[in-house]
Amino acid sequence: IHEFADLVKERQAEDVTVTVVTYEESIRTDNVRRLKLIQDMRDYGFNVKLIEDSCLKYCVIDSYVVWYGSINYLGKTDTEDNAMRIHDKGIAENLLYQTFRDKT
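Residues numbered from 1 in each chain as written. Predicted model: local features only at pLDDT ≥ 70, side-chain atom pairs only at ≥ 80, totals over all residues. Heavy atoms only, no water.

A.B. asks: Sorry, what's going on with the nonpolar core here?
C.D. replies: Among soluble globular proteins, nonpolar side chains are generally buried collectively. In terms of nonpolar packing, the biggest core is built from 12 residues, these being Ala5, Val8, Val16, Val18, Val20, Ile38, Met41, Phe46, Val48, Cys59, Ile61 and Val65. At the level of elements, helix H1 (2-12), strand S1 (18-23), helix H3 (32-43) and strand S3 (58-61) are the ones that each hand at least two residues to this core. Those residues in contact with Ala5, other than ones at most four positions away along the chain, are Tyr44 and Phe46. One finds Val66, Ala92, Leu95 and Phe100 within the second-largest nonpolar core, a separate group that totals 8 residues. (Core = buried A, V, L, I, M, F, W, Y, C linked by side-chain atoms within 4.5 Å. Buried < 20%, exposed > 50% of the residue type's maximum accessible area, 1.4 Å probe, protein only. Helix = DSSP H or I, 4+ residues; strand = E, 2+ residues; numbered from the N terminus. Contact = heavy atoms within 4.5 Å.)

Below, the structure written as structure tokens:
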């Protein structure tokens, strides 16, 4: 999270929005490290969205850039993890819509 925040801080200064989606279950447990990481992301100005159901692992930046793959942004990574960087407003909007369409 800290390395990622360093990568996007210049863009955030230009009013770019970073949204990260994670399981709400992660905050129901007593996982202090996970709670700290969520708070760190908020402190960096990331828009953290919590959902109850399982979801895809992705990060949307400024409703246009999508990081999509198997990387657990809030947990331990594995050498097998991967992510694709996609520049497509339609894909970004669709991912957010599919994740939050029934959540109001």
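A.B. asks: Honestly, the packing of aromatic side chains in this entry has me stumped. Any pointers?
C.D. replies: Here the distance between the centres and the angle between the planes together describe a pair of aromatic rings. With the rule as written, the count across this model stands at 2 aromatic pairs. Taken together, a centroid distance of 5.7 Å and an interplanar angle of 70° make the contact between Phe4 and Phe46 edge-to-face. Of this pair, Phe4 sits in helix H1 while Phe46 is found in the loop between H3 and strand S2 (47-51), placing the two residues 42 residues apart along the sequence. Here Tyr44 and Phe46 contribute two aromatic rings whose centre-to-centre distance is 6.1 Å and whose plane-to-plane angle is 35°, an arrangement assigned as tilted. Judged by relative accessible area, Tyr44 falls into the partly exposed class, the value being 33%. By the ring-pair criterion, three or more aromatic residues cluster together here, those being Phe4, Tyr44 and Phe46. In this structure, Lys49 packs its charged tip against the face of Phe100, placed 5.3 Å from the ring centre. (Phe/Tyr/Trp six-rings, centres within 6.5 Å; stacked < 30°, edge-to-face > 60°. Lys NZ or Arg CZ within 6 Å of the ring centre and 35° of its normal.)

A.B. asks: What should I look at first to understand the side chain of Gln12 in this one?
C.D. replies: Position of Gln12 among the secondary structure elements: in helix H1. Apart from residues no more than four positions distant in its own chain, Gln12 is found in contact with Val18, Tyr44, Gly45 and Phe46.

A.B. asks: What am I meant to see in the pairing of strand S4 (residues 65-69) here?
C.D. replies: Consecutive residues of a regular strand have side chains that alternate between opposite faces of the sheet. Looking at chain direction, S3 and S4 are connected through 4 bridges and run antiparallel. Paired with Cys59 across the strands is Trp67, a residue of S4. In textbook terms, the turn of a hairpin is the stretch between consecutive antiparallel strands, and for S3 and S4 this stretch comprises 3 residues, one of which, Asp62, has a positive phi near 55°. Of the pairings in the sheet, the one linking S4 to strand S5 (residues 83-87) comprises 5 bridges and is antiparallel in character. Bridge pairing in S5 places Val65 opposite His87. (Pairing = 2+ DSSP bridges.)

A.B. asks: What is the right way to look at H1 in this model?
C.D. replies: Helical geometry note: an α-helix holds 3.6 residues per turn, so side chains three or four residues apart project in the same direction. Looking at H1, one finds that the buried residues are Ala5, Val8 and Gln12. Down the axis of H1, the buried set is contained in an arc of 90°. They therefore lie on one face. Relative to its buried face, H1 has exposed residues pointing more than 90 degrees away, namely Glu3, Leu7 and Glu10. Contacts made by the buried residues of H1 are with S1 and S3. (Arc of directions from axis to C-beta.)

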